[in-house]
Every structure is written in C-alpha cells, then in structure tokens.
Amino acid sequence: MQDSIEGKNVIVTGGAGGIGGGLIKGLARRGAKIAALYNRSEPEGELAKLASWYKCDLTRKDSVKSTFDEIIKALGGLDALVNVAGTWRGGSAEEVDDEQIDFLIGANFKSVVYTNQAAFEAMKDKGGRIINFGSPEAMEGSPGSPVYASAKAAVQAWTRSAAQSWAGYGITVNSVTPAMHTPPYERIRQSLDEKGRAELDASVAKRIPLGRLGDPEQDCAPLIAFLISDGSRFMTGQILPVDGGLRMLGA
C-alpha cells in the first residue's frame, strides 16, 4: 500500500516528550522502525521501549553527524527524518539580545540545517522524506517571542530551499505547523487558578475553529505517517498546518 510505513527506518528528533513523544507512539503503532534523539530529558516508561534512543546536541554539526552515522549503521539505512526538536523562550522585541538570538536560532534553526544535511547524505542515493516542524507563530509573528517566530520562519524558508535543492535526488522536504496540546502547555494551564484555566480554554476554543488543540498521537501522527509514506511522493516544499484551522491558508 502506498500509505504504509511498515518497516520504514525513521529518525525522530525531540522525541522524549510532547509532540515528538506522541509521534513516536503513532509511528511505532504503524510499524515504523524508530531511532529517536534527545538532549537533556531521557525518555521514560512506554516511550523508552518504542524506539532506540540516542543523546545528541543538535546545535553542533559534529555531534549530529556522528550520531546519524551511528544510527544509520544500526538501522541499515534511513527512509525519513521527522525533525520535531525545538525550544520556545519568551521575550519582547525591545529586549532581544545576542544570547537570546544565539540560543533560539541554534535550537530551532541550526538544528534543522544540520539534521537535514545529515539525512541528505544518507538519502541521496535512493531518496527519502524530510519533515521539519515549523510553527503558526512563523506566519503570524509573535510579540511574546519574536526570535522564536523568526527562527521558525527560517525553518520554513529552509524547507522550501532544501526541497528545490534535493528534488533531483528523490528527496522530498516538507514542513508541518502544529497546534497541539502538549505537557508544557498543560503545565501552563495547571499553573492558573480555575478561572484562569477557564479563560484560557475559552480563548483556545474561540481561536481554533475545531474548538481545541490537537492530540499529537491522534491528530498529528497520521499526517506524519502519510508524509513518510510513498503516498506523498509528489509533495515537496509544502508548509502544512495541522492546527484545527488556527491559521487557514490565505487568511
């Protein structure tokens, strides 16, 4: 079947929790062979058993290359990279400084470049799939974290550039912009009192036409599985929202 990912060799970055953890569960259930990367937070419980885990500093090109070489040797090849890893940090536009720029560009953009390059080396002889994670903030802007929004906008521009550069090798490169209910978001909810949580939930329901944030395993993993599969072979350079209608195309 064109949409099957059974037996596909997949690397997932940022897999120890949140969106990445949900994707690993969804992709493993569909038969993918997964190698997952983490930096600080080690996987726990069921998640630890669903993938082979590797510690890697994605902001260092040498670390990425050596880790990918080890993984690809262990897996026997690479069919897809799902690049979820990223970090959000708040701060107003007038407070942006060198440290914030270096940190957020490193975590959200350099990591994409280095992992994509490593995936390209593994895929250039037989093709493959690269899926990078952007953000709705890249399209809308963000007064709460303008550097994060800018870094994610760079991810989307890189995705389109890499898609054009590597199409001749049979490699497709797409980006997903998610709006998911994650553990960090839930921690924010739980830090509020009952009235604050109700107001936050009402605000989310008002902004998202489908009325809620998505579940990474149930709402995002099916799209990622399709993008990994042969069914998406004629799609590349696309920015694909999976956000309940939060950021409709053309809006």
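Calculation criteria
- For every chain, the first residue of its written sequence is number 1, and the numbers climb from 1 along that sequence.
- Note on the predicted model: pLDDT of at least 70 is required for a residue's local features to be given, and 80 or more for side-chain atom pairs to be given and counted; whole-chain, interface and lining totals, by contrast, use all residues.
- Only hydrogens and water are set aside; all other atoms, that is, all heavy atoms of the structure, feed into the side-chain values.
- Helical segments are the DSSP runs of H or I of at least four residues, strand segments are the runs of E of at least two, and each set is numbered from the N terminus.
- Per-residue accessibility, obtained with a 1.4 Å probe over protein chains only, is compared with the maximum for each type, and a residue is labelled buried under 20%, exposed over 50%, and partly exposed between these values.
- Residue contacts are counted whenever heavy atoms from the two residues lie within 4.5 Å of one another.
- At least two DSSP bridges between two strands are required for those strands to pair.
- For helices, the fitted line uses only the C-alpha atoms of the stretch in contact; every axis is such a line through C-alpha atoms, and the angle between N-to-C directions lies from 0 to 180 degrees.
- Here the word oblique covers every angle except those under 35 degrees (roughly parallel), over 145 (roughly antiparallel) and from 65 to 115 (roughly perpendicular).
- When residues are grouped by polarity, Ala, Val, Leu, Ile, Met, Phe, Trp, Tyr, Cys and Pro land in nonpolar, Asp, Glu, Lys and Arg in charged, and all others, Gly among them, in polar.
- Only rings of Phe, Tyr and Trp enter the pairing, Trp through its six-membered ring, and a pair is recorded when the two centres are within 6.5 Å. The plane angle decides the type: under 30 degrees is stacked, over 60 is edge-to-face, the rest tilted.

**Thoughts on the side chain of K8**
So, point 1. Of note, K8 is situated in the segment before β1 (9-13).
So, point 2. With relative accessibility at 18%, the residue K8 sits in the buried group.
So, point 3. Setting aside its immediate chain neighbours within four residues, K8 contacts G31, A32, K33, D79, I228 and D230.

**A look at the sheet that holds strand β7 (residues 239-242)**
Whether parallel or antiparallel, the strands of a sheet pair through hydrogen bonds between backbone atoms.
So, point 1. Strands sit in the order β3-β2-β1-β4-β5-β6-β7 across an open sheet of seven strands; the sheet is parallel. Looking at which strands have only one partner, the edges of the open sheet turn out to be β3 (52-55) and β7. On average, each strand axis in the sheet is tilted by 20 degrees relative to the strand beside it, whichever way the strands run.
So, point 2. Note: β1 against strand β2 (residues 33-38), five bridges, orientation parallel. Residue pairing in the sheet places T13 in a bridge with L37 of β2.
So, point 3. Lying over the sheet, helix α3 (residues 61-75) contacts β1, β2, β3 and β4 (80-83), oriented at roughly 160 degrees with respect to β2.

**A word on the pairing of β1**
So, point 1. Summarising burial for β1: five of the five residues are buried, a large majority.
So, point 2. Both faces of β1 are covered, namely the face carrying N9, I11 and T13 and the face carrying V10 and V12.

**Overview of the environment of A51**
So, point 1. With respect to the helices and strands, the residue A51 is situated in the loop between α2 (45-49) and β3.
So, point 2. Along the sequence, A51 and G168 sit 117 residues apart, while their C-alpha atoms lie 31 Å from each other.
So, point 3. When sequence neighbours within four positions are dropped, the list of residues in contact with A51 reads I24, I34 and A36.

**A few points about the packing of helix α7 (residues 183-190) against helix α8 (residues 194-207)**
So, point 1. Remark: α7 packs on α8, axes separated minimally by 9 Å, with the N-to-C direction vectors making an angle of 135 degrees. The orientation of α7 relative to α8 falls into the category oblique. Of the residues in α8, those in contact with Y185, R189 and Q190 of α7 are R197, L200, D201 and V204.
So, point 2. Its residues placed into classes, the contact of α7 with α8 shows three nonpolar, one polar and three charged.

**Some thoughts on the packing of aromatic side chains**
What describes a pair of aromatic rings is the distance from one ring centre to the other and the angle between the planes of the rings.
So, point 1. Within this structure, the stated rule accounts for four aromatic pairs.
So, point 2. For the ring pair F120 and W166, a centre distance of 4.8 Å and an interplane angle of 20 degrees mean the geometry is stacked. A residue pair is termed long-range when its members are at least 10 positions apart, and F120 in helix α4 (residues 98-123) and W166 in helix α6 (residues 146-166) qualify at 46 residues.
So, point 3. By relative accessible area, which is 12% here, F120 ends up buried.

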